[in-house]
Amino acid sequence: MAALGTWAVAVLALSRGEQISALWIVIAGFCALSISYRFYSKWLATKVLVLNEERATPAVLRNDNKDYVPTNRWMVFGHHFAAIAGPGPLVGPVLAAQFGFLPGTLWILIGATLGGGVHDMIVLFASIRRGGKTLGQMVKEEIGRGVGLLALVSVLAIMIILLAVLALVVVQALAESPWGVFTIAVTIPIALIMGIALRTGKVSVLAVTIFGLFGLAFGVWGGQFLGHFPAIEGWFRQDQKCLAWAIMIYGLTASVLPVWMLLTPRDYLSTFLKLGTVGMLAVAVVLINPTLQMPAITKFIDGSGLVFSGPVFPFVCITIACGAVSGFHSLIASGTTPKMIRRESRIRSIGYGAMVTEMIVALMAMIAACVLEPGEYFAINTKGTPIEVVARVSAAGFPVSEQQMQTLATNLGESTMFNRAGGAPTFAVGMAHMFARVSAQPTALALWYHFAIMFEALFILTTIDAGTRVGRFLLQDVLSQLWRPLGNTRSWTANFLASVLLVAAWGWFLYEGVIDPLGGINSLWPLFGLANQLLSVVALCLGTTLLIKMEKAKYLFVTLVPLCFMCAVTFSAGYLKVFSSDPRLGFLSGVRSLMGQASTMTDSTKAAELVRQAGVWRFDALVAIFFLVLVAAIVIGSARQWWQLMSRRQRVVLHESEFVPITPAQLAQF
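As the structure is a prediction and not an experimental result, all values here were calculated from the model. (Residues numbered from 1 in each chain as written. Predicted model: local features only at pLDDT ≥ 70, side-chain atom pairs only at ≥ 80, totals over all residues. Heavy atoms only, no water.)

Caption draft 1: Representation of the confidence of the model for the protein chain within the structure. Summarising the model, the protein chain shows a mean pLDDT of 85, and 95% of its residues fall at 70 or more. Contacts of residues 517-522 to residues separated by more than four positions or lying in other chains number 16 contacts, the stretch itself having pLDDT below 50. (pLDDT = per-residue confidence, 0-100. Contact = heavy atoms within 4.5 Å.)

Caption draft 2: The packing of aromatic side chains, seen in detail. This structure, assessed with the given rule, holds 17 aromatic pairs. Here the aromatic rings of phenylalanine 182 and phenylalanine 236 are separated by 5.3 Å at their centres, their planes lie at 85°, and the arrangement is edge-to-face. Taken together, the residues span a long stretch of sequence, with phenylalanine 182 in helix 9 (residues 178-200) and phenylalanine 236 in helix 11 (residues 230-236) at a distance of 54 residues. Neither phenylalanine 182 nor phenylalanine 236 differs from the other in exposure class; each is buried. Ring centres of phenylalanine 313 and phenylalanine 565 lie 6.1 Å apart, and the angle between their planes is 55°; this geometry places the pair in the tilted category. (Phe/Tyr/Trp six-rings, centres within 6.5 Å; stacked < 30°, edge-to-face > 60°. Helix = DSSP H or I, 4+ residues; strand = E, 2+ residues; numbered from the N terminus. Buried < 20%, exposed > 50% of the residue type's maximum accessible area, 1.4 Å probe, protein only.)

Caption draft 3: Spatial organisation of the packing of helix 6 (residues 101-129) against helix 16 (residues 346-370). One can describe the packing of helix 6 onto helix 16 by two numbers: an axis separation of 8 Å at closest approach and a directional angle of 160°. Judged by the inter-axis angle, helix 6 sits roughly antiparallel to helix 16. In this structure, helix 6 meets helix 16 at a crossing whose hand is right-handed. In the contact of helix 6 with helix 16, the residues fall into 18 nonpolar, six polar and two charged. (Axes fitted to C-alpha atoms, helices over the stretch in contact; angles between N-to-C directions. Parallel < 35°, antiparallel > 145°, perpendicular 65-115°, else oblique. Left-handed = near helix turned anticlockwise from the far one by under 90°. Nonpolar A, V, L, I, M, F, W, Y, C, P; charged D, E, K, R; others polar.)

Caption draft 4: Representation of the side chain of glutamate 233. Topologically, glutamate 233 is positioned in helix 11. Setting aside residues up to four positions removed in sequence, glutamate 233 forms contacts with Pro178, Leu226 and Gly227.

Caption draft 5: View of the environment of histidine 655. Mapping histidine 655 onto the fold places it in the loop between helix 26 (604-646) and helix 27 (664-669). Using a relative accessible area of 34% as the deciding quantity, one classes histidine 655 as partly exposed. A C-alpha to C-alpha distance of 30 Å links histidine 655 and aspartate 465, two positions 190 residues apart in sequence. With near-sequence residues (within four places) excluded, histidine 655 lies in contact with Arg130, Glu141, Glu142 and Lys549. Of the polar contacts made by the side chain of histidine 655, one reaches the backbone oxygen of glutamate 141; its length is 3.0 Å. (Polar contact = N/O pair within 3.5 Å; in protein donor to acceptor, adjacent residues only side chain to side chain.)

And the structure:
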């Protein structure tokens, strides 16, 4: 397996001037998954973390039928995977494809196995050993109160922005799309029935799963026939404003209801569609054996990209987050998931296993982008009028024509494919191209394209419900500093109040983004990858501290190497985003450029728009500096404590829940 994986990577890395099959990426991915999970994750579980099967988990000890609920391991895996697999593994690799298929593929393979899996697994372990506490709480207890408060504030701020943007992506994907709205709406009552049936204890997980799969198949298949029933179709054809309110209501409901009733069964159900579609994509690659049209490395590694500006390092690592190393995963691994796991041995399969599974999703997204004609790929993701886009892309060495793009749009059932930046449409086009090749129907391409758009919306929506619940935990941590009863997660009143406040926070940004495409949350898009990776730095600081306190200093390289690398990535990227002299990359130079253009314009309306955009970029710069300073303070505070612990100038205190063995009755129940 190692030899096969090495050969696959060598073919991808060393072949030049010849056609490369996408199958080599699939082979490299599955070889990396097999070896890393079989050997590295087991070594982490047995030697580094020393998982203990006899130790009762928080779900067993604090079972309250709301947040702490012992849950079937496959349903927990489904929930965890659905929660962590948001837009990152789909959109990030598609955008990073502008560098060529090689940089992104290498980062996904290395980052996920040696960084992301460790990151997710150690945070999940730490939270389970500490009664299901959140990342901010653990940082405060293990590293220091001051550092912990900084972590709480930074994590909560990043979470609000992240949830708003995820919701905005869903709204834009589902607007005026009855099929997509119908499929997602159907999953809600199905999940409620599944949750209630399981809770009675009279229905097996297998029976509930079969029922859910049939219901999901009906939702996916039946949505395309809504056009035959105009009255019903009108219920599901909604604009962005209505969908924004609907998603806010759904997020509030998922946060307040017991976790077993809606959140867990719905995420478990959506995982079948996610993994099923990705599995179909992998099978299609094997059967069709498509050729990678994108070069291994393009001229844009110098930072002059048409899709986004910035050199290949560090921006390939910032752009591809969830498919390799993602700080958002630490919020789920210290939020909902540790409150549902029955046995410590599941930490390996859920923490590390879900991460390397997401790695395969990211590789499929990379393939979907790179099997397209490069000219079409860049034309879809480059902003400007059709004439300007065609001229810029062709001049860069990737010929494309307006007629070619119009033919593509017609085949997809769209009016145009220009100015469809963001990654999601490109992934849908690549996915539709591969699936349509197994069908002779002339409408197959359009059907698969709209199916892919719906699939992406469902992929992202499952991150919103779990994220809102985790955000509620974080907000209650902060509110408990003001008044302790507000931090009581067993109180329905405290839970509802915190949920309303959190949904109102990210809902405000969402609505601003919907009604004002040039302002609101859209202005923070360049910061998302940076903020997400800064969260991973905080989580890895916690992991390093815990290893020292557990007297596992000889294994420090497990977290310290990924931590140092992510510090180099995030702080160099942050510096470039704020202070780069390139107006297309640096916020401050971009502000000066926009103000200079506005001062020379005679059209007052356009000048005002440029001034407004300059204000947005100035705000972006302030937010980036705020996050960088905050995380730098956390890293420095952590390093200071490591030195004290290693030099024995401070007594080691490990804030860990008391050991409580699992009873024979509980073991029999499992």
